[in-house]
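Survey of secondary and tertiary structure
Here's the letter readout for the chains.
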Amino acid sequence: MDYELVSFKICPFVQRSRITLLHKRIPHTVTYIDLKTPPAWFAEVSPLGKVPLLRVDDSTVLFESAVINEFIDETTTPPLHPANPLTRAHNRAWIAYASELQGSLFHLAMAATREKFDTARS
């Protein structure tokens, strides 16, 4: 079974997992949903009500892009992270930092009002 990545069209976090899957040439499909009116099955498999999700098989779903990427990297070759634990830890710290930036950029892009934009910008 190919992996199934569940997203919505402009999710910045799913892009990280999609890039990892493409870089490692892992067969997968992408299913886009509308988070405002998600399909019934989504609530059953997404404990946080967010994307991305990765369907690994018929009974296993992973959530959170950092976790999905670590799973992909740890189960396929070649590894994206170096073998040195300290360097790997630094990489993961920068990944966490980038996640915060992506979240901020997402809120800027999705701000429906000037007030929300200014709040996100600050």
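All of the points below concern the structure found in this document. (Residues numbered from 1 in each chain as written. Predicted model: local features only at pLDDT ≥ 70, side-chain atom pairs only at ≥ 80, totals over all residues. Heavy atoms only, no water.)

**Brief notes about the overall build of the protein chain**
- Per the secondary structure count, the protein chain includes five helices and four strands.
- Reading the helices (α) and strands (β) of the protein chain from amino to carboxyl end gives β-α-β-α-β-β-α-α-α.
- For the protein chain, the spread of C-alpha atoms along the three principal axes comes to 45 × 40 × 20 Å.
- Relative to its full complement of 122 residues, the protein chain shows a buried share of 30%.
- For the protein chain, the computed accessible surface area is about 8200 Å², with 59% contributed by carbon and sulfur atoms. (Helix = DSSP H or I, 4+ residues; strand = E, 2+ residues; numbered from the N terminus. Buried < 20%, exposed > 50% of the residue type's maximum accessible area, 1.4 Å probe, protein only. Areas by Shrake-Rupley, 256 points an atom, 1.4 Å probe, with all protein chains shown as cover.)

**Digging into the sheet that holds strand S3 (residues 53–57)**
- Strand order across the open sheet formed by four strands is S2-S1-S3-S4, with mixed pairing between neighbours. The two strands at the open ends of the sheet, each matched to only one other strand, are strand S2 (28–32) and strand S4 (60–63). Sheet twist, expressed as the average angle between the axes of neighbouring strands with direction ignored, equals 25°.
- Seen against the sheet, helix H1 (residues 12–23) touches strand S1 (3–7), S2 and S3 and runs at an angle of roughly 155° to S1. (Pairing = 2+ DSSP bridges. Axes fitted to C-alpha atoms, helices over the stretch in contact; angles between N-to-C directions. Contact = heavy atoms within 4.5 Å.)

**What to know about the side chain of Asn69**
- Inspection of the secondary structure puts Asn69 in helix H3 (residues 65–75).
- Here Asn69 falls in the buried class, since its relative accessible area comes to 16%.
- Asn69 has contacts with Arg16, Ser17 and Thr20, leaving out every residue within four places of it along the chain.

**Thoughts on the nonpolar core**
- Membership of the largest hydrophobic core comes to 17 residues, with the highest contact counts inside it found for Tyr3, Val6, Leu21, Phe42, Val51, Leu54 and Ile72.
- At the level of secondary structure, the elements contributing two or more residues to this core comprise S1, H1, S3 and H3.
- For Val51, the contacting residues outside a window of four places in its chain are Val6, Ser7, Phe8, Cys11, Ile33, Leu35 and Phe42. (Core = buried A, V, L, I, M, F, W, Y, C linked by side-chain atoms within 4.5 Å.)

**Brief notes about a nonpolar patch on the surface**
- There is a patch of nonpolar side chains on the surface, built from Trp94, Tyr97 and Leu101 and spanning about 370 Å² of accessible area.
- On the secondary structure map, Leu101 appears in helix H4 (residues 85–110). (Patch = residues over 30% accessible without salt bridge, like charges linked within 9 Å, V, L, I, M, F, W, Y side chains within 5 Å. Salt bridge = Lys/Arg side-chain N within 4 Å of Asp/Glu carboxyl O.)

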